[in-house]
Amino acid sequence: MTLRVKDVMGLVAIAVRPEATFAELVATMRRFKVGAVAVIDAEGRPIGVVSDDDLLLKEIDTPGSGGLFESRARHREHGRAAGTTAGQIMSAPALTVTRQTPVREAARLMHTHRIKQLPVVDAASGKIAGTVHQTDLLKIFTRPAADVLADVTRAVVDLGVDPRALAITVEVGVVRIEGRLARRSQIAVLVEAGRRIEGVVELEADLAYDRDDLATTSPLHL
């Protein structure tokens, strides 16, 4: 079964309006014990996010001396640091997920962008419906390695491969498979099956093959 965000998310939508002040942002983060809050428009749709890093930027930012050579990104950063409301300080656009987003995809999004929570939006209206935190996802990815290994081994057997021909390891939700398969097409099938297993954050495959059954041969022209 593929676990989805709806299975682990919190139903409290932690959000503020663009006009929220710096003090209100700090108070909201302290009240809910979170490191970021979504900024929503009048319809309740996320338009940005203010994180504790954004608030710290305001405290540590100093005017640059780059003049005309100052990068656009640095210029935007100065502008956000000078802001006094959520709409001025926020990072935009907001990264969001829906209730149907696979938990694994949400985890990858957090890892890639180095964030600890994501607003959950209604797929139809785009309005905020809750929040999913890194700690919510960690409850899933702390599944015992032995259980994950057993499921991966079962997937290998279902593919018609002797698991003894492969080296399979599981560490903190990351599965690594090394070895040799009979056909090239088996690699993609095995990787996809492995990534669907509950508790697998990522699957790394270093696999060789005996026969390239995906290769196409060009017709002979006489």
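The rules behind each value
- Residues numbered from 1 in each chain as written.
- Predicted model: local features only at pLDDT ≥ 70, side-chain atom pairs only at ≥ 80, totals over all residues.
- Heavy atoms only, no water.
- Helix = DSSP H or I, 4+ residues; strand = E, 2+ residues; numbered from the N terminus.
- Buried < 20%, exposed > 50% of the residue type's maximum accessible area, 1.4 Å probe, protein only.
- Contact = heavy atoms within 4.5 Å.
- Areas by Shrake-Rupley, 256 points an atom, 1.4 Å probe, with all protein chains shown as cover.
- Pairing = 2+ DSSP bridges.
- Axes fitted to C-alpha atoms, helices over the stretch in contact; angles between N-to-C directions.

Engineer: Just give me the short version of the overall build of the protein, but keep the residues and values in it.
Structural biologist: Helix and strand counts for the protein come out as eight helices and nine strands. Buried residues in the protein amount to 34% of all 222 residues. A separation threshold of at least 6 residues defines the contact pool for the protein, and within that pool the share at least 24 residues apart is 59%. Surface exposure of the protein reaches about 13,500 Å², of which carbon and sulfur atoms provide 54%.

Engineer: Residue-level account of the sheet that holds strand S1 (residues 15-16), with values.
Structural biologist: On the basis of which strands lie adjacent, the open sheet formed by three strands has the order S1-S2-S3 and mixed pairing. Both edges of this open sheet fall to S1 and strand S3 (46-51), since each of them pairs with a single strand only. Note that strand S2 (residues 36-40) and S3 share five bridges and pair antiparallel. The residue of S3 that forms the bridge with Ala36 is Ser51. Against the sheet, helix H1 (residues 22-32) contacts S1, S2 and S3, and its axis sits at roughly 125° relative to S2.

Engineer: Provide a residue-level description of the pairing of strand S6 (residues 128-133), including the pertinent values.
Structural biologist: Looking down a regular strand, the side chains alternate between one sheet face and the other. Most of S6 is tucked away, with six of its six residues classed as buried. Sheet analysis places strand S5 (residues 117-121) next to S6, joined by five bridges and oriented antiparallel. Of the residues in S6, the one forming a bridge with Val120 is Gly130. With antiparallel pairing between neighbouring strands as the criterion, S5 and S6 make up a hairpin whose turn holds six residues, including Gly126 at a positive phi of roughly 80°.

Engineer: Which residues make up the side chain of Gln117, and what values do they have?
Structural biologist: Looking at the secondary structure, you find Gln117 in strand S5. Given a relative accessible area of 12%, Gln117 falls into the buried group. For Gln117, the contacting residues outside a window of four places in its chain are Val34, Gly35, Ala36, Val37, Met110, Thr131, Val132 and His133.

Engineer: Outline the sheet that holds strand S4 (residues 97-98), supporting the account with residue identities and numerical values.
Structural biologist: The three strands are arranged S4-S5-S6 in an open sheet whose pairing can be described as mixed. Edge strands, defined here as strands with exactly one partner in the open sheet, are S4 and S6. Lying over the sheet, helix H5 (residues 103-113) contacts S4, S5 and S6, oriented at roughly 135° with respect to S5.

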